[in-house]
Amino acid sequence: MNRIVLAFATSFALVSPALSGPGHDHGGGGAPQATAEIPRIESVTPDIELVATAEGHKLTIYLDAPATNEPVDGAKIEVVADGKHKAEAKPKGNGV
């Protein structure tokens, strides 16, 4: 009799995870969507967080305060490449 109870309890313990209700499915959900790799750089100080992404010949720079994640507007940013090409970033608003 003890073997039958033990076998029943063991089989129930192995099957019980399959009996979860709605909202408890942690299944596959399909393959993740493929996204293009966009090169980016990040620089963080206690006062400023700068993230820049490059797509083709376009460089987009995001500037915010790391503590609050508020955009920093009105900043003057100069970009220097190879120590000889210098360009001033043009603001697009909202820390961009």
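Now for a description of the structure that goes with this document. (Residues numbered from 1 in each chain as written. Predicted model: local features only at pLDDT ≥ 70, side-chain atom pairs only at ≥ 80, totals over all residues. Heavy atoms only, no water.)

Let's shift gears to the overall build of the chain. When you go through the chain residue by residue, the secondary structure sums to one helix and five strands. Written out in order from the N terminus, the α and β elements of the chain read α-β-β-β-β-β. Put simply, the chain has 96 residues, and 9% of those count as buried. As displayed, the chain offers around 8500 Å² of accessible surface, 58% of which is attributable to carbon and sulfur atoms. (Helix = DSSP H or I, 4+ residues; strand = E, 2+ residues; numbered from the N terminus. Buried < 20%, exposed > 50% of the residue type's maximum accessible area, 1.4 Å probe, protein only. Areas by Shrake-Rupley, 256 points an atom, 1.4 Å probe, with all protein chains shown as cover.)

All right, on to the side chain of threonine 60 then. Note that threonine 60 resides in strand 3 (residues 58–64). Relative accessible area serves as the criterion here: at 14%, threonine 60 is assigned to the buried category. Dropping the residues within four chain positions of it, threonine 60 is found in contact with Val51, Ala52, Thr53 and Val96. (Contact = heavy atoms within 4.5 Å.)

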